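Descriptive analysis of the structure
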Amino acid sequence: MPRRTLIAGTGSYLPERVLTNRELESMVDTSDEWIQERTGIRERRMAAPHEVTSDLALAASRQALEAAGWGPEDITALIVATISPDMPMPATACLLQAKLGATRAAAFDISAACSGFIYGLQIADGFIRSGIHERVLVVGAEILSRVTDWQDRTTCVLFADGAGAAALRASGPEENERGIRSVSIRSDGNLWDLLYIPGGGTQAPQSERVVAERLQFIKMKGNETFRVAVRTLEMLVVETLRDNGMEAADLALLIPHQANIRIIQATAERLGLSMDKVMINLDLVGNTSGASIPIALDQAVRAGRVAPGDHVLLEAFGAGLTWGSALVTI
Ligand code: UT7
């Protein structure tokens, strides 16, 4: 049996400050009822003014290392999935590396928005199975509150802050039934303008115009994105199970990207999976993009909802457009 990539430990961090739907009612023309009914979100977390993305990543990483029994110098590759980096350059992964003391690691960021953690898993899986790296830390970390337009009710009720991390290593001779069974990632750049941040890059460099036109913030065609997400995710999860010779009944838990309860319900329904086999935290966490899946994974592990030997399906969809899934035996 060839070696697999095993999840040795997970961690997550949510900032202390809670922002409720009721508070949003006083900021934009919305209501707690609308937000709950259309999205499933009740409250979300906001980073403190002094916190930057690598701080959130640091707290999640320390937990994952502790769970894995690793020191920071054990990591040989450190990957951060984020669309809200500390700064355009260097990579947030390098800033995290310095804070963590992961002196031996090659550190870099990936930009695949809400699918970023799944993209990171595929890269880590390739590194580990090929023997290039033994121990990889994949982190998803976001402070979306800083790239959200607080005057735009169609987006500001959705996005939130947080970080999650997974420590990955090669399975040992007795562990080859565990680990990542498959990861699949896809994208369609033709649909880039469904969800994007127009300003701050080479197309519209930071300027007074960017600020005046609010181009530094997330723009989303929510309804179109929703429809593509439902269609794509339904196909993706069915394909993933089929490719692994499994059925939905074999799954202990589905861990979806936490974007919208209605998207999650549609995916579960397509699989014939009851909602008690679906990890949901978006009511309290909101949409944390690249951090969404690793936070949900860590919460599921710590709550005892998954145990070694359990099959878990991870799936995500986001800006790019990008999407991906992973079938993992914990
Ligand atoms: O994470 C990455 C991928 N992102 C996603 O997957 C997000 C996908 N999209 C969604 O989750 C949903 O499309 C939203 C939650 C963003 C919006 O829900 P929707 O059911 O698609 O609403 P809609 O955009 O079709 O808007 C329906 C109505 C509109 O009013 P009119 O034109 O019918 O009068 C909106 O202006 O709801 C209005 N609306 C709001 N009303 C109260 C939009 N946002 C709000 C709001 N509060 N916050």
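Residues numbered from 1 in each chain as written. Predicted model: local features only at pLDDT ≥ 70, side-chain atom pairs only at ≥ 80, totals over all residues. Heavy atoms only, no water.

**Quick look at the domain arrangement of the chain**
Often the size quoted for an interface is simply the accessible area lost on bringing the parts together. The assigned domain composition of the chain is domain 1 (5–170) and domain 2 (179–329). Relative placement of domain 1 and domain 2: their C-alpha centres are 14 Å apart. Facing 49 residues of domain 1, the contacting portion of domain 2 comprises 47 residues. Summing the contributions of domain 1 and of domain 2, the shared interface buries around 4000 Å²; its carbon and sulfur component is 62%. (Domains from an automatic or database assignment. Contact = heavy atoms within 4.5 Å. Buried area = accessible area lost by both parts, 1.4 Å probe.)

**Remarks on the site of the ligand**
Taken together, the neighbourhood of the ligand is formed by 24 residues, with T30, R38, R153, N260 and N287 sitting nearest. Contact with the protein chains covers 73% of the free accessible surface of the ligand, which is 950 Å². When residues of the shell around the ligand are traced back to their parent elements, those giving at least two are helix 2 (32–39), helix 6 (153–156), helix 8 (222–243), helix 9 (261–271) and strand 12 (311–318). At four residues, the largest contribution of residues to the shell around the ligand is made by helix 8. Residues that form the shell around the ligand fall into these classes: ten nonpolar, ten polar and four charged. (Near = heavy atom within 4 Å. Areas by Shrake-Rupley, 256 points an atom, 1.4 Å probe, with all protein chains shown as cover. Helix = DSSP H or I, 4+ residues; strand = E, 2+ residues; numbered from the N terminus. Nonpolar A, V, L, I, M, F, W, Y, C, P; charged D, E, K, R; others polar.)

**Points about the pattern of salt bridges**
Inspection of every chain in the model, using the stated rule, returns 16 salt bridges. Salt-bridge contacts for D29 lead to R153; the nearest nitrogen and oxygen are separated by 3.7 Å. Placement of D29 in the loop between helix 1 (21–25) and helix 2 and of R153 in helix 6 is noted, with a sequence separation of 124 residues between them. Overall, D29 belongs to the exposed group, its relative accessible area being 62%. Of the residues examined, R153 reaches a relative accessible area of 45% and is grouped as partly exposed. K99 serves as the salt-bridge partner of D55, at 2.7 Å between the closest nitrogen and oxygen. Of this pair, D55 sits in helix 3 (residues 53–68) while K99 sits in helix 4 (residues 92–100); the two residues are 44 residues apart in sequence, bridging distant segments of the chain. Within this structure, R22, E25, D32 and E33 form a network of salt bridges that share partners. (Salt bridge = Lys/Arg side-chain N within 4 Å of Asp/Glu carboxyl O. Buried < 20%, exposed > 50% of the residue type's maximum accessible area, 1.4 Å probe, protein only.)

**Here we look at the sheet that holds strand 11 (residues 251–256)**
In space, the four strands of this open sheet follow the order 8-13-12-11, with mixed pairing throughout. Each edge of the sheet is formed by a strand with only one pairing partner; in this case those strands are strand 8 (179–187) and strand 11. Along the sheet, successive strands turn relative to each other by an average axial angle of 10°, direction set aside. Sheet topology note: the strand 12/strand 13 (residues 322–329) ladder contains eight bridges and is antiparallel. From the neighbouring strand, L313 faces strand 13, where its bridge partner is L327. (Pairing = 2+ DSSP bridges. Axes fitted to C-alpha atoms, helices over the stretch in contact; angles between N-to-C directions.)

**A short note on the environment of T5**
Its place among the elements puts T5 in strand 1 (residues 5–13). By relative accessible area, T5 is classed as buried at 0%. In this structure, the C-alpha to C-alpha distance between T5 and G71, residues 66 residues apart in sequence, is 19 Å. Look past the residues within four positions of T5 in its chain and what remains in contact with it is A124, D125, I128, R129, L168, R169, G179 and I180. Among the polar contacts made by the side chain of T5, one reaches the side chain of D125 at a distance of 2.6 Å. (Polar contact = N/O pair within 3.5 Å; in protein donor to acceptor, adjacent residues only side chain to side chain.)

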